[in-house]
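Per-entry structural report
Spelled out, the chains give:
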Amino acid sequence: MSSVAQPGIPAPEFLTRWGLPAARGVRNFAAAITIGALVLLSTGLPARTRTTPWSHGAAWSWIAGIAVVSAWVWTVAALLALVMTYADITGLPLADGRLWTNLVSFATDVEVGRYLGASALIAFVVAIGTTIMQSTAGSAILAVLGLAGLWPIALNGHAAGSLNHDIAVTSQAIHLVGISVWVGGLVVLMASAQLLQHDLPVVVSRYSKIAVWCFAAVALSGVASSWLRVGSWSDLASGYGAILTAKVVALILLGCAGMLHRRRSISRLHERDRGAFRRLAVGEIVVMSVAMGLGVALGRIAPPESASNRALTTRESLLGFTLPGPLDWPGWIATWRVDLLWVPVAAIAIGSYLAAVRRLRRRGDSWPIGRTVAWVVGWLLLTWATSGSPGVYGKALFSMHMAQHMTIATAVPTFLVLGAPVTLLLRATRPRKDGSYGLREWTLLVVHSRYTAVIGHPIVAAGLFIVSLAAFYYSGMFELSMRSHTAHIVMVIHFLITGYLFANSVVGVDPGQLRPPYVMRLLLLMLVFAYHALFSVSLMASTTILAGDWFELVRPLWAEPAAADQYLGASMGWALGDYPLGVMAGALIWQWVRADRAEQRRFDRQAVRDGGAEMAAYNAYLQRLAQHHGRERDR
């Protein structure tokens, strides 16, 4: 890939023109190897803990060594990509002192430089972590951090201010995650096959399940990226649309063929067929290569001409999309813009929950229908808050932002907690017998960890819920979440987690949480009720416009003035924040009544077993106490 000289800027030197794409390629491949190795250590091999520090010594150490080497290569390549990108933009030779003098400013003040610098910093932290890593828990934390390191790379590929910037970035991030885990896991498996020996069939089976999800992620991101170029259903009738449809169908058929090939190869691998893994690896490489090739081909086909090439208004440039017309009552339900991150998450959460319920019922166990309804309602509310009218208008109108925020922070967590997902997971998932960590084991580890015990304590959870609400709105974080796609996602995750922790400490039934007596829970709920009402009232009375500069630029002409819209938003926040707390209060009272009834039934059963001995002993104690007081009175 060669760079084109811009007017007034000298063309980059030969080393930069060829070194930049090479550095990017090495960076992406090394990141994939690092992440693949860490994922395999976290999910495939028997766990290393304090009690089992040498579990699976040779294979574990070998894969960990691969992660160390690839992580340092990732770090060096990321730094080279940062330097050469700046050299490519400025046209300065790598030997020029001005390049190195201004590099820090480029990495801190320029958007592209910040993304590349963040990517290099995360790679460096992962490299340090893999060097000192000694446990499976450490490998899991580093795997999550490594996946987070792909986000700046996705941001660097799409300029802010373009239409559908958020969808494009999310699509690219999903694509990078799928490819990295898929490619990296396969390469590490091929390099470790001899050391795994008898465990190879089990590890390959587990990796195969992950590979299916990776294929789905790559296919989803490819289709989403192509749809951004199509824009409407009518464009599918064009030549580009026909080719796109044909390629999507081919990709689906390819995935089905890959699944069949994988099943046959794994079954033969369990039969100690030495060539089965080789055939599986070749099949995975073919599927992977064709999937990536289809993505490249779709990106090089000219899309149909549309209005996307026109000059953007200031509002469109800041929001990243064209805002619909005035919001009326039907628009609250009918206005949608799919969030490519939260819609798949909600679909997977609902599908997995229903599958687990079905598994329970197949073996004759029951599961309350109310919990299932609560879980589905929670995720549907999250989908509406992020992809429905609050997600569409939330960055342009404070009132709709408040509707989105309160739905995510109070309503969604309440219903999700009432769904008791951890209890269902533990009942429907079989534990692993070889000491490795699957979904069940990782869930138990997180639920019973000291960190969860601290942040999940009722006082701490309520404090996080209260403090984060005020800190978010009365600082620059609120406006940052409006301007930055990354900050907006962090906002959603933060308030979803803090709301879940608080709701779980009050009305949760899942194991692992030490909950106070019902009287203390009710007092805590009343305290949060009061604070939430006070926050809403103070916001209604405030004359300061939150993020006023932002809303002045993006507020549509048909909207109410900023002060009136903020007053409306505070009123909506009061109502939309209090009704979930009311649901929580009702659930708490119901649980309290049920607990009292269960305690009474326990006493009754005990009385039947021992003939009322406990009650008789208590009555005798009262009689002795009365006699003692009588003697004291006589004296």
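Refer to the structure above for everything that follows.
The notes below deal with the structure included here. (Residues numbered from 1 in each chain as written. Predicted model: local features only at pLDDT ≥ 70, side-chain atom pairs only at ≥ 80, totals over all residues. Heavy atoms only, no water.)

1. Things to note about helix 8 (residues 165-196)
Count 3.6 residues to each turn of an α-helix, and residues three or four apart come out pointing the same way. Between its terminal C-alpha atoms helix 8 stretches 43 Å, which fits the 46 Å expected from 32 residues at 1.5 Å a residue. At Met-190, helix 8 shows its maximal kink, close to 40°. Directly beyond the C-terminal end of helix 8, a positive phi value near 50° is found at Gln-197. (Helix = DSSP H or I, 4+ residues; strand = E, 2+ residues; numbered from the N terminus. Expected span 1.5 Å × (residues − 1). Bend = angle between axes of the 7 residues up to and from the residue.)

2. Focus: the nonpolar core
Nonpolar side chains in soluble globular proteins generally cluster together in the buried interior. Of all hydrophobic cores here, the largest spans 56 residues; its most connected members are Leu-45 and Leu-189. Listing elements by their share of this core, those giving two or more residues are helix 1 (14-43), helix 2 (57-90), helix 5 (111-132), helix 6 (136-148), helix 7 (150-156), helix 8 and helix 9 (200-230). Considering every element that reaches this core, the biggest residue donor is helix 8, with 12 residues. Core analysis: the second largest hydrophobic core is formed by 54 residues, Ala-349, Leu-382, Phe-415 and Leu-424 among them. (Core = buried A, V, L, I, M, F, W, Y, C linked by side-chain atoms within 4.5 Å. Buried < 20%, exposed > 50% of the residue type's maximum accessible area, 1.4 Å probe, protein only.)

3. Comments concerning the packing of helix 2 against helix 8
Remark: helix 2 packs on helix 8, axes separated minimally by 9 Å, with the N-to-C direction vectors making an angle of 160°. Considering the angle they form, helix 2 stands roughly antiparallel to helix 8. Crossing handedness for the pair helix 2 and helix 8: right-handed. In this structure, helix 2 uses Ala-58, Ala-59, Trp-62, Ile-63 and Ile-66 to contact helix 8, whose residues at the interface are Val-188, Ala-191, Ser-192, Leu-195 and Leu-196. Split into classes, the residues belonging to the contact of helix 2 with helix 8 amount to nine nonpolar, one polar and no charged. (Axes fitted to C-alpha atoms, helices over the stretch in contact; angles between N-to-C directions. Parallel < 35°, antiparallel > 145°, perpendicular 65-115°, else oblique. Left-handed = near helix turned anticlockwise from the far one by under 90°. Contact = heavy atoms within 4.5 Å. Nonpolar A, V, L, I, M, F, W, Y, C, P; charged D, E, K, R; others polar.)

4. Considerations on the packing of helix 21 (residues 458-473) against helix 24 (residues 518-541)
For the pair helix 21 and helix 24, the least separation of the axes is 11 Å and the interaxial angle reads 5°. Classified by the interaxial angle, the pair formed by helix 21 and helix 24 is roughly parallel. Across the interface between the two elements, Pro-458, Ile-459, Ala-462, Phe-465, Ile-466, Leu-469, Ala-470 and Tyr-473 from helix 21 touch Leu-524, Val-528, Tyr-531, His-532 and Phe-535 from helix 24. Residues belonging to the contact of helix 21 with helix 24 are distributed by class as follows: 12 nonpolar, one polar and no charged.

Structural measurements only, silent on function.
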